[in-house]
Amino acid sequence: MTSRMCLALDCLSAAQAYRLTRTLGPQCYAVKIRGLLYSQGGRIIGGLSNAGRTKVFVDVKIHDIPEAAAENAMEIACHGAHIISVHAGGGIPMMKAVVNRLNKSFGPAAVSVWAVTLLTSLGPTEIERDFGKYGKNPTAKQIVLNRALMAKEAGVQGVVSSPQEVRMLSKHPGLKGLDFITPGVRSVGANVGDQKRIGTPKQALDDGASLIVVGSQVTEAEDPIEAFNAIVEEIAEIS
């Protein structure tokens, strides 16, 4: 079951990230970085992969014009990234440009592209302010589904959504074949931080998530290994 967990190393120093990756990386599907790429450069990708014998998910949420997005993804992939995120809000041509460039350079799906649909930190107020001005008043689920279908058309391997949308996505016939990656998971009673559309790890997996992303609940714990193992126990009964 731990192979369905991605460990987010956000807000850790390089030393802390390496130490935690050596300990927990072998039990995870991947470790996730963002800020460490900017502070340490591309060498951090191969270093973490080797330290934890695991994949590295570079969660930069690429959002640019198609050619620039593809170049950005290539630069990251050349450092050994196994997974790169794009923002579905960039549109189908952008996502397709990234997928096609990586497939051409590294082989089909050698580097996975995951499309972020809607940030889990956005709640109804922010969604209404951003999208309601167009007069359609879409819900988070409507936005996420539309962007997931766009991502599928573009050829990505996975879509990222909150626990509150993953059941809908996993049941949708038009999204078969995609992986569903779910951040914003928190055990009952855990600090939710700046996340708004959240759910428990068990709920997310029960609802069809292929992978869950765990972060501060582990990395900010007094004993990260104990916190990680507590989540493992929480989801152990799921087949």
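Below is a short write-up of the structure.

Calculation notes
- Residues numbered from 1 in each chain as written.
- Predicted model: local features only at pLDDT ≥ 70, side-chain atom pairs only at ≥ 80, totals over all residues.
- Heavy atoms only, no water.
- Helix = DSSP H or I, 4+ residues; strand = E, 2+ residues; numbered from the N terminus.
- Buried < 20%, exposed > 50% of the residue type's maximum accessible area, 1.4 Å probe, protein only.
- Lys, Arg positive; Asp, Glu negative; His and termini not counted.
- Salt bridge = Lys/Arg side-chain N within 4 Å of Asp/Glu carboxyl O.
- Polar contact = N/O pair within 3.5 Å; in protein donor to acceptor, adjacent residues only side chain to side chain.
- Axes fitted to C-alpha atoms, helices over the stretch in contact; angles between N-to-C directions.
- Parallel < 35°, antiparallel > 145°, perpendicular 65-115°, else oblique.
- Left-handed = near helix turned anticlockwise from the far one by under 90°.
- Contact = heavy atoms within 4.5 Å.
- Nonpolar A, V, L, I, M, F, W, Y, C, P; charged D, E, K, R; others polar.
- Pairing = 2+ DSSP bridges.
- Core = buried A, V, L, I, M, F, W, Y, C linked by side-chain atoms within 4.5 Å.

1. A few points about the side chain of Arg-4
Reasoning step 1: Along the chain, the position of Arg-4 falls in the segment before β1 (5-8).
Reasoning step 2: Although Arg-4 is buried, it makes no salt bridge; Asp-206 carries the closest opposite charge, 7.8 Å away.
Reasoning step 3: Within the structure, the side chain of Arg-4 is placed 2.6 Å from the backbone oxygen of Ala-209, a separation counted as a polar contact.

2. Some details on the packing of helix α5 (residues 92-106) against helix α7 (residues 140-154)
Reasoning step 1: Between α5 and α7, the shortest axis-to-axis distance is 8 Å and the interhelical angle comes to 40°. Accordingly, the angle class assigned to the pair α5 and α7 is oblique. Two packed elements cross with a definite hand, and for α5 against α7 that hand is right-handed. Between α5, through Ile-92, Met-95, Lys-96 and Val-99, and α7, the contact on the second element is made entirely by Met-150, Ala-151, Glu-153 and Ala-154.
Reasoning step 2: For the contact of α5 with α7, the class distribution of residues is 6 nonpolar, no polar and 2 charged.

3. Focus: the side chain of Thr-54
Reasoning step 1: The topology assignment puts Thr-54 in the loop between α3 (43-52) and β3 (55-62).
Reasoning step 2: The class of Thr-54 is buried, set by a relative accessible area of 7%.
Reasoning step 3: Among the polar contacts made by the side chain of Thr-54, one reaches the main-chain carbonyl oxygen of Tyr-29 at a distance of 3.5 Å.
Reasoning step 4: Among all residues touching Thr-54, those that are not within four sequence positions of it are Thr-21, Gly-25, Cys-28, Tyr-29, Ala-30, Val-31, Leu-48, Ser-49 and His-82.

4. Some words on the pattern of salt bridges
Reasoning step 1: In this structure the tally under the stated criterion is 8 salt bridges.
Reasoning step 2: The residue Lys-202 makes a salt bridge to Asp-206 at a minimum N-O spacing of 2.8 Å. On the criterion of helical spacing, the pair formed by Lys-202 and Asp-206 is a turn pair, its members being 4 residues apart in helix α9 (residues 201-206).
Reasoning step 3: For Lys-202, a relative accessible area of 26% puts it in the partly exposed group.
Reasoning step 4: Within the structure, one salt-bridge network assembled from shared partners comprises Asp-10, Lys-32, Arg-34, Asp-59 and Lys-61.

5. A closer look at the sheet that holds strand β5 (residues 112-116)
Reasoning step 1: Strand order in this closed barrel of 8 strands is β1-β2-β3-β4-β5-β6-β7-β8, and the pairing throughout is parallel. When the angles between neighbouring strand axes are averaged without regard to direction, this sheet yields 25°.
Reasoning step 2: Across 4 bridges, the pairing between strand β2 (residues 30-33) and β3 is parallel. Bridge assignment links Lys-32 to a residue of β3, and that residue is Phe-57.
Reasoning step 3: Of the strands in this sheet, β6 (158-160) and β7 (179-182) are in contact with helix α8 (residues 163-171), which crosses β7 at around 170°.

6. Focus: the nonpolar core
Reasoning step 1: Judged by nonpolar contacts, the single largest core of 66 residues is most densely connected at Leu-9, Ile-33, Ile-84 and Met-95.
Reasoning step 2: It is α7 that contributes the most residues to this core, 8 residues altogether.
Reasoning step 3: When sequence neighbours within four positions are dropped, the list of residues in contact with Ile-84 reads Phe-57, Val-58, Val-60, Ile-62, Ala-73, Ile-76, Ala-77, Leu-102, Val-111, Ser-112, Val-113 and Trp-114.
Reasoning step 4: Of all hydrophobic cores here, the second largest spans 11 residues; its members include Cys-6, Ala-8, Ile-83 and Val-213.

Taken by themselves, the reported measurements are silent on function.
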